[in-house]
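# Tertiary structure, described
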Amino acid sequence: MAEPRLHVLLEGQTEEVMLRNVLEPHLRTAGWTVSWSILVTKRLVDGPAHRGGVTSWAKLERDIRRLLSGRSFAAVTTIIDYYGLPGDVPGMSSRPSGDARIRVGHVEAAMGAAIDDLRFVPHLTLHEAESWVFAAAEQLADLYRDPDLLARMRADVAAAGGPELVNDGPETAPSKRLRSYREDDYLKATDGPLAVAELGLGRLRQQCPHLHAWLTGLEARATALA
């Protein structure tokens, strides 16, 4: 029997590298045949589509429904940043106060209800893919030979309560902190994924409960479809 097909809709290049180097090998071992694409933000009549970034729910919904329109995929999921998500995404305007994991779960559930297809597994990265890099602070600091970077990143994680909880402020989101700490020489599509790969998925999951829960759900789904 052929392995079930999982398609992952990605926000951008950083997420693509993370998926290819860190997540896809594990998902394949769990029983999935994995494919992926970067979401389309604009289509030109006489030119290529522009890809990367979420600009509106309408455009995100279009890509999700396009992927679900046939029966090729047993499941479609997403790796999209919770940070900077447009306000028109279902659930954003009605988020409860309190813990970030409860808030992001509320939005994911609303997205699932709006699409209304059991094959859709909404997943938003808390707060963005660079949160996973904060879990790999030691590996990133080793890459740069920068002990001050390690101290800063560890302090951020301790203050927030975990890598996924490093906040979503426009000047203090994980990616903004990394650029500030490395004086703009941080290469997000290469340096971060390299550090996360060095950390390893097992240790990443230990530090990132929201990521762990998403992967656990995909593992269970693959088992059920086997």
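Residues numbered from 1 in each chain as written. Predicted model: local features only at pLDDT ≥ 70, side-chain atom pairs only at ≥ 80, totals over all residues. Heavy atoms only, no water.

To continue, consider the pairing of strand β1 (residues 5-10). Counting buried residues in β1 gives five out of six residues, a clear majority hidden from the surface. One ladder, built from six bridges, connects β1 with strand β2 (residues 33-38); its direction is parallel. Considered in β2, the bridge of Leu-10 is made with Ile-38. A crossover links β1 with its parallel partner β2, the connecting element being helix α1 (residues 13-30), and its sense is right-handed. (Buried < 20%, exposed > 50% of the residue type's maximum accessible area, 1.4 Å probe, protein only. Helix = DSSP H or I, 4+ residues; strand = E, 2+ residues; numbered from the N terminus. Pairing = 2+ DSSP bridges. Right-handed = clockwise from strand over helix to strand, strands pointing away.)

Residues Leu-126 and His-127 are joined by a peptide bond in cis, for which omega reads -20 degrees. Take His-127: it is sitting in the loop between β7 (124-125) and α4 (130-135). A positive phi angle, near 55 degrees, is found at Arg-145, a position not held by glycine. Summarising the element assignment, Arg-145 is placed in the loop between α5 (137-144) and α6 (147-160).

As a further point, take the packing of aromatic side chains. Following the criterion strictly, the structure yields zero aromatic pairs and no others. Directly above the ring of Tyr-144 sits Arg-182, whose terminal nitrogen or CZ lies 3.9 Å from the centroid. (Phe/Tyr/Trp six-rings, centres within 6.5 Å; stacked < 30°, edge-to-face > 60°. Lys NZ or Arg CZ within 6 Å of the ring centre and 35° of its normal.)

Here we come to the packing of α6 against helix α7 (residues 174-181). The angle between the axes and the distance between the axes are what describe a pair of packed helices. The interhelical angle for the contact between α6 and α7, taken along N-to-C directions, is 155 degrees, at an axis separation of 11 Å. By the criterion of interaxial angle, the relationship of α6 to α7 is roughly antiparallel. Note on packing geometry: the crossing formed by α6 with α7 is right-handed. Residues Leu-149, Arg-152, Met-153 and Asp-156 of α6 form the contact with α7, whose participating residues are Arg-177, Leu-178 and Tyr-181. Residues belonging to the contact of α6 with α7 are distributed by class as follows: four nonpolar, no polar and three charged. (Axes fitted to C-alpha atoms, helices over the stretch in contact; angles between N-to-C directions. Parallel < 35°, antiparallel > 145°, perpendicular 65-115°, else oblique. Left-handed = near helix turned anticlockwise from the far one by under 90°. Contact = heavy atoms within 4.5 Å. Nonpolar A, V, L, I, M, F, W, Y, C, P; charged D, E, K, R; others polar.)

By the element assignment, Glu-108 lies in helix α3 (residues 100-115). Arg-101 provides the closest opposite charge to the buried, unpaired Glu-108, separated from it by 10 Å. Setting aside its immediate chain neighbours within four residues, Glu-108 contacts Pro-122, His-123, Leu-124 and His-210. (Lys, Arg positive; Asp, Glu negative; His and termini not counted. Salt bridge = Lys/Arg side-chain N within 4 Å of Asp/Glu carboxyl O.)

One broad rule of soluble globular proteins: the nonpolar side chains tend to lie buried together. Membership of the largest hydrophobic core comes to 42 residues, with the highest contact counts inside it found for Leu-23, Trp-132, Leu-140, Met-153 and Leu-204. With residues near it in sequence (within four places) discarded, Leu-23 still touches Met-18, Ile-79, Trp-132, Leu-201, Trp-214 and Leu-215. Listed in part, the 24 residues of the second largest apolar core include Leu-68, Val-104, Val-107 and Met-111. (Core = buried A, V, L, I, M, F, W, Y, C linked by side-chain atoms within 4.5 Å.)

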